[in-house]
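# Report on the structure
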Amino acid sequence: MTFARRTLRPAAFMFLLLMLVFSLNAAATASSVDPVNVTIQVSPDKLAAPGEVAVSLTVSNASNDDMIAPVTLYGPDGGVVASFGDGGSYLLRAGEALPWEGTWNVTQEQLEAGSLTFEARYHLEDETGALAEVSRQASVPIEYQGERVNLSVKRTIEPPVVRSGGQATVNYELRNTGTVQLSDIRVQENISKNAKTVKSLAPGDSATVTFTSRIGNADLKSNATITYKAAGESKTQSVKIDDETIAVAKPNLKFELSSTADAVNVGEKATLVITFTNEGNVSYSNVSVSDAKVGELLSGISIPAGETVREEKQFILSEPVTFKATATLPDNTGETKKLTSNELRIGVYDPEKQLLLTLNLTADQDTVSHVPADVRFHLVVTNNSNIRAEKIAITHGKTAIYTIASLEPGASMTLDRDARIPQAGQFRFTATLMDSLNNEVKFESNTIHIAYAQNTPAPTTVPVVTVAPPDLVTSSPVDPLLTQGRDVLRYVLLGLMGVFGAALVLFAVSSLVRLNRYRKSKAAYDHLDLAERRDYTEPLDEDFADGEGEEAEPEAEEPQSDDSEIKPAKIEFLPHEKLLRSAAEDAAKAPAQEDMPSVDTQGGYRVTRANAVEKPTETQEEAESASPRHRRAARRMDEE
C-alpha cells in the first residue's frame, strides 16, 4: 500500500504537469488563430460607368471567447464606415456575427481596378500576451462594361550595352487595354528623327514599333512621347516614356589561373583557381573555360559587370601539369569573345626524389671594433635528401660565393670564406638548385649577427713625480716685551677711535637740535632789531639800561580766519613809549617849556622831567598789556 502511494503520487504530479503544458499550448494556439471572418456581396456587380452599388457585409467572431477589443470597419477609400456598429466599431462576443448593409459609390478608378475592398481592423493577443493590431480584408469583383480608353506601353532596348560602332535597337510594344478602339497612334523616339505610327488598335490587340541608331563613342539617351485618340473622338491623349541610357560598351575583363600550392606529392589533390575580374560595363553569360590538355574546366558561368567571379577545380596529379586555359565569353552586346589565361605549372613530387639541404653558418667573431672589418665565415652544406644534388649555387644576397658541382646523399661540404664586411649586422647564405622536376628550389642557412663594439682603451700609467724637499728658513727671535707693548698701543688706539666716533655723533645730534630750535624760534615770533646803544637823560633802571634785565616775551598773535573781516590793528606802545607819550601830553597841558633838543648824533632823544608834572596813571588795559619787566621799571620810576 505504501509502495502504491509512493508510485501514484509522482505519476499524478507528472500527469497534472503535462495537462498544464498542453492547456497552455492550446491557449497559445487558440490566441494565435485569427477568429474574425468578413464576407461581402455587392449588387449589381457589373457597371458601365461609375455609380452606386448595394453592399452586404458580415463581420463574425468564430472563437469561443469574446473579443478583447472592438472591430473597426474601413471602406475602399480608407475611411471608417460610420454606420457599422457604434460609430464604425463593435465588440464581438463569442460566436457573434454583425451584419452591415449599405450603399457605395464606385469610382472610375475602382471600376478600372475591377474590385471593391473593405477592411476590418482589430487587436489580438500574441504568444507573449501583448496586444497586436490585425487586419482582415474582404474584396468583391466588379466588372466594368462601359467604355474605357487606355493604352499600355512597354519599351525594350537591345542590346542594353552597345559596342562602339554598333547598332542600338529600341522596341515599343503598344497594347490597347481599354474597351474602345484606338486610332492615330504616333510614337516619337529620341534616338530617331522620324516618328512611327499605328493607324488603329482594337481592344485587346497589340503592335510593336522599332527604332534603330548607330552608336559612336558616346552614350545614347532613349525617351518617347506617344499620342493617340479614341475612336470617334477628337481629343488627343498622350503617354510619356522616361529617359533610359544606352551605354557604349567598355569591356575590361581579366582572366587568371592560380593554385593553392606550387607543387603536390604524387597522388595528392591539386586545386586550380580560376578568377574573372570584370571591371567594365559589359556582362557575360554562359561562359565556358577549357584547357588544351585537360579539356573543359568550367561551363555555364555568369560574370556580371563590375563583379569578380572565382571558381575552383581540383585534380589528382601523378605528374607535373602546365595549365593554360581559354574562356569563351558571350556578352550582352550580342558578341562572343575569347580570352586566354596565364600559364600555370603545378609540380608533382616523388617523396623519394625530393631535395633537402641544410646550411650551417658560423663566423670567427661575433663583434667587430671597426668597419669595414675582415671576418672569416664557415659554412657547412649537407645533402639530407635521397638523391644527388647538383649545381648548388651559394650566394649571399645578390653576391655569388661558390658553386658546388654535386653533393651526394648524406655528404657535406665545408666552405671557409674571408670577407670584408662594410658594416655590422645580420648575415645569411642561400643555396639554390634545380629539383628533379626542373623547378628551382632554395634553402636558407641560419642567421648570425655580428655586432659593432669599440675597443676599450688600455689604462694609462701615471708617472710618479719626486717632489723636491722644501727649503727651511729660520726666523730671528722676537723680544716678548716689545710685542706686548705693540698690543697695548693697538688697544689704546682702538679706544680713542671709539671715543672720537661717539663725540662726532653727539656733535651731530646737538647741531640738529639747535638747528631745530632756531627754526621753531623763527617761526614762532618776530624779533626786534634794537640799536646798539640807548641814550636817555635819566635812565629808568641801570640794570635795564645796561641790558641786564629780563627780556620781554613777545605775545603770540591770535590767528584770524581767512573769511573774517579785516579790522584796524590796535597800536600798542612799549612802556617807555607810553611814559614818553604821557609826559608829552602833560607837557602840552603845562606851561610852555623850552624846546626839546635836537636829535643827537647817536639817533636817541634826551628826556627831561618836570617836577610839577604828576605821574600819569596807567590804565588797566595798559597795565595788563605791559610785560613784567616794564612793570618793574614803572614801579621804580614811581618810587623815585
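Here's what I pulled together on the structure shown here. (Residues numbered from 1 in each chain as written. Predicted model: local features only at pLDDT ≥ 70, side-chain atom pairs only at ≥ 80, totals over all residues. Heavy atoms only, no water.)

## Quick notes on the pairing of strand E7 (residues 115-125)
In this sheet, E7 lies alongside strand E4 (residues 71-74) in antiparallel orientation, the contact comprising 3 bridges. Paired with Tyr-74 across the strands is Glu-119, a residue of E7. Bridge count for E7 against strand E8 (residues 131-141) is 11 bridges, and the pairing is antiparallel. The residue of E8 that forms the bridge with Glu-125 is Leu-131. (Pairing = 2+ DSSP bridges. Helix = DSSP H or I, 4+ residues; strand = E, 2+ residues; numbered from the N terminus.)

## Quick look at the sheet that holds strand E32 (residues 399-407)
Sheet strands associate in pairs through backbone hydrogen bonding, adopting either a parallel or an antiparallel arrangement. Taken together, the 4 strands give an open sheet; going across it, the order is E32-E31-E35-E36, and neighbouring strands pair in antiparallel fashion. Only two strands of the sheet have a single neighbouring strand rather than two, namely E32 and strand E36 (440-444). This sheet shows a mean twist of 25 degrees between the axes of neighbouring strands, independent of strand direction. Strand direction decides the pairing type here: strand E31 (residues 389-396) and strand E35 (residues 430-434), joined by 3 bridges, are antiparallel. Opposite Thr-395, over in E35, you have Thr-430 as the bridge partner. (Axes fitted to C-alpha atoms, helices over the stretch in contact; angles between N-to-C directions.)

## So, the packing of aromatic side chains
For any two aromatic rings, the description comes down to two numbers: the centre-to-centre distance and the angle of the planes. Counting across every chain of the model gives 7 aromatic pairs. Between Phe-315 and Phe-323 the ring centres are 5.3 Å apart and the planes differ by 35 degrees, which places this aromatic pair in the tilted class. There is no split in this pair, since Phe-315 and Phe-323 are both buried. With a centroid separation of 5.7 Å and 65 degrees between ring planes, the pair formed by Phe-377 and Phe-429 is classed as edge-to-face. In this pair, Phe-377 is assigned in strand E30 (residues 373-383) and Phe-429 in the loop between strand E34 (425-427) and E35, connecting sequence segments 52 residues apart. Taken individually, Phe-377 and Phe-429 each receive the classification buried, so the pair is uniform in this respect. Taken together, the ring pairs in this structure connect Trp-100, Trp-104 and Phe-118 into an aromatic cluster. A cation sits over an aromatic face here: Arg-121 above Tyr-74, 4.0 Å from the ring centre. For the cation-ring pair, Lys-196 lies above Phe-211, with the distance from its terminal atom to the ring centre recorded as 4.9 Å. (Phe/Tyr/Trp six-rings, centres within 6.5 Å; stacked < 30°, edge-to-face > 60°. Buried < 20%, exposed > 50% of the residue type's maximum accessible area, 1.4 Å probe, protein only. Lys NZ or Arg CZ within 6 Å of the ring centre and 35° of its normal.)

## Notes on the pattern of salt bridges
Enumeration over the complete set of coordinates arrives at 16 salt bridges. The partner of Glu-390 in a salt bridge is Arg-388, and the shortest N-O contact between them spans 2.8 Å. For Arg-388, a relative accessible area of 44% translates into the label partly exposed. Three or more residues joined by partner-sharing salt bridges are found here, namely Arg-163, Asp-331, Glu-335 and Lys-337. (Salt bridge = Lys/Arg side-chain N within 4 Å of Asp/Glu carboxyl O.)

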